[in-house]
Amino acid sequence: MSEVFEGYERQYCEASASLSRKCTAASALDGEKKKQKLSEIQSGVEEAESLIRKMDLEARSLQPSVKAGLLAKLREYKSDLNNVKSELKRISAPNARQTTREELLEAGMADTLAVSTDQRGRLMMTTERLNQSTDRIKESRRTMLETEELGVSILQDLHQQRQSLLHAHTTLHGVDDNVGKSKKILALMSKRMDRNKWIIGGIITSLVLAILLILYFKLSH
């Protein structure tokens, strides 16, 4: 899931829980305090609508397999926000307290309990979504830490390999020097062998000529 979407989602869940609490508080207020609280609720609704638009844009920019699930979540959030708007409209009515009193007289405490149950349900759902978002963030952080550790390990391995390559390069350079010296020695030895061959050949030739001369003098006498 997109981390950007998760950020907007977490902000919306917090805003939704705050709106539910403020609506409950505004129902028990009168006069200027109620107006101030209603103004806060209206600002919160506008902020929540802005977050929903941002989530919608982010969800539609993702892959289809991810987008479908996020858009389904958005429909739930939009429905939740519509419920808040309806509650705000009811509380903002001029005769809201009188209407509420008449409904209580007609229907008893059943409706009040239903409203409280609905608000409690919204709060529980919002809290659950916040917990899920927190778990996803923790999982993302854990994955990032594991990735960072893997990256450090890879860099260390690469450094060791680089050191090994440098050592091998130095060794090969030394071998090249030794090979060059060996070639020079072999070339010098080859020259000496050639010179020795000529010297031995000259000696042998001289000996043969001396023997021939000796034989010639002996035979001539």
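Here, every reference points to the structure presented above.
This section reports on the structure supplied with the text. (Residues numbered from 1 in each chain as written. Predicted model: local features only at pLDDT ≥ 70, side-chain atom pairs only at ≥ 80, totals over all residues. Heavy atoms only, no water.)

Further remarks concern the side chain of Ser20. As for its position among the elements, Ser20 is in helix H1 (residues 3–27). Residue classification places Ser20 among the buried residues on the basis of a relative accessible area of 1%. Once residues within four sequence positions are removed from consideration, Ser20 is found in contact with Arg122 and Leu123. (Helix = DSSP H or I, 4+ residues; strand = E, 2+ residues; numbered from the N terminus. Buried < 20%, exposed > 50% of the residue type's maximum accessible area, 1.4 Å probe, protein only. Contact = heavy atoms within 4.5 Å.)

Moving on, we come to a nonpolar patch on the surface. Residues Ile200, Ile204, Val208, Leu209, Ile211, Leu212, Leu215 and Leu219 make up a contiguous nonpolar surface patch of about 790 Å² in total accessible area. Inspection of the secondary structure assignment puts Leu212 in helix H5 (residues 110–220). What makes Leu212 partly exposed here is its relative accessible area of 48%. (Patch = residues over 30% accessible without salt bridge, like charges linked within 9 Å, V, L, I, M, F, W, Y side chains within 5 Å. Areas by Shrake-Rupley, 256 points an atom, 1.4 Å probe, with all protein chains shown as cover. Salt bridge = Lys/Arg side-chain N within 4 Å of Asp/Glu carboxyl O.)

Looking now at the nonpolar core. Counting 23 residues, the largest nonpolar core has Tyr12, Ile41 and Leu74 as the members making the most contacts within it. Secondary-structure elements contributing two or more residues to this core are H1, helix H2 (31–60) and helix H3 (64–92). Other than its neighbours up to four places away in sequence, Leu74 contacts Phe5, Ile52, Met55, Asp56 and Ala59. (Core = buried A, V, L, I, M, F, W, Y, C linked by side-chain atoms within 4.5 Å.)

Evaluated as defined, the whole model comprises 5 salt bridges. Ionic pairing is found between Glu9 and Lys73, a salt bridge with its closest N-O pair at 3.1 Å. Of the two residues, Glu9 is situated in helix H1 and Lys73 in helix H3; the sequence distance between them amounts to 64 residues. Judged by its relative accessible area of 1%, Glu9 falls in the buried class. The partner of Asp56 in a salt bridge is Arg60, and the shortest N-O contact between them spans 2.9 Å. Taken together, the residues Asp56 and Arg60, both in helix H2 and 4 residues apart, mark about one turn of the helix.

It is the contact of H2 with H3, at a shortest axis distance of 10 Å, that shows an interaxial angle of 165°. As summarised for this structure, H2 and H3 are arranged roughly antiparallel, according to the angle between their axes. Between H2 and H3 lies a crossing whose hand is left-handed. Here Lys34, Leu38, Ile41, Gln42, Val45, Ala48, Glu49, Ile52, Met55, Asp56, Ala59 and Arg60 of H2 come into contact with H3, specifically with Lys67, Leu70, Leu71, Leu74, Tyr77, Lys78, Leu81, Val84, Lys85, Leu88, Ile91 and Ser92. Across the contact of H2 with H3, the residue classes tally to 15 nonpolar, 2 polar and 7 charged. (Axes fitted to C-alpha atoms, helices over the stretch in contact; angles between N-to-C directions. Parallel < 35°, antiparallel > 145°, perpendicular 65-115°, else oblique. Left-handed = near helix turned anticlockwise from the far one by under 90°. Nonpolar A, V, L, I, M, F, W, Y, C, P; charged D, E, K, R; others polar.)

Honestly, that's just the spatial picture; any functional story needs more than this.
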